[in-house]
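# Examining the three-dimensional arrangement
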Amino acid sequence: MKIFLGTPITGIINNNLANPLEDARKSRVSKMISDLRSNGHSVFCALEVEEFGKKVADSFECTVRDYSLLKQSDVYITFPNESYGCAVELGWASAHSIPIILGINKKFGVKTPLYEGLHTVGSEVHLFHYESDNEFPNEKEWLNILKQIEDFICEG
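What comes next is a walk through the structure. (Residues numbered from 1 in each chain as written. Predicted model: local features only at pLDDT ≥ 70, side-chain atom pairs only at ≥ 80, totals over all residues. Heavy atoms only, no water.)

## Considering the side chain of serine 73
Relative to the helices and strands, serine 73 is located in the loop between α3 (59-71) and β3 (75-78). Using a relative accessible area of 12% as the deciding quantity, one classes serine 73 as buried. Within polar-contact distance, the side chain of serine 73 engages the backbone oxygen of leucine 69 at 2.8 Å. The residues contacting serine 73, other than those within four sequence positions of it, are Lys2, Ile3, Phe4 and Ile98. (Helix = DSSP H or I, 4+ residues; strand = E, 2+ residues; numbered from the N terminus. Buried < 20%, exposed > 50% of the residue type's maximum accessible area, 1.4 Å probe, protein only. Polar contact = N/O pair within 3.5 Å; in protein donor to acceptor, adjacent residues only side chain to side chain. Contact = heavy atoms within 4.5 Å.)

## Focus on the sheet that holds strand β1 (residues 2-6)
Backbone-to-backbone hydrogen bonds join strands into a sheet, with any given pair of strands oriented parallel or antiparallel. Here we have 5 strands laid out as an open sheet, ordered β2-β1-β3-β4-β5, and parallel in their pairing. The sheet terminates laterally at β2 (42-44) and β5 (125-130), the two strands that pair on one side only. Shown here is a sheet whose adjacent strand axes are inclined to one another by a mean of 20°, direction ignored. Against the sheet, helix α4 (residues 84-95) touches β1, β3 and β4 (100-105), its axis set at about 160° to β3. (Pairing = 2+ DSSP bridges. Axes fitted to C-alpha atoms, helices over the stretch in contact; angles between N-to-C directions.)

All quantities given are derived from atomic positions and should not be read as evidence of function.
What follows is the structure, encoded as structure tokens:
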């Protein structure tokens, strides 16, 4: 299965550091990508391609790349939290009827009721909530979410 994993980028990196993404976030995203690939999926994640903030793509490059790759994906998995980019990608996925797996961190809350209502206008949406100290689920939560993702993918 071709998975597009949408994550915040601009809002979580610090361009003034040699390693712009702190280790806890990088470790969590790397684990998610690794686990999805271990389950036999092809995974695109812009955060990984952009070397976790070391090579951030310009607006033209990332827009064209992400839109093209998202349209080719079988499912869009995202943890948008406060990311405007993920919100745009959610719109693209919905417009192209790509199934969506949408994770909302209870500590950030839902920033727009449109996330929770997205299933009413096209794409199949599996919404789940988790509670984490940063944008991404901790390891225990991720393992539970991964099972839900695999169940959702297998049903689809």
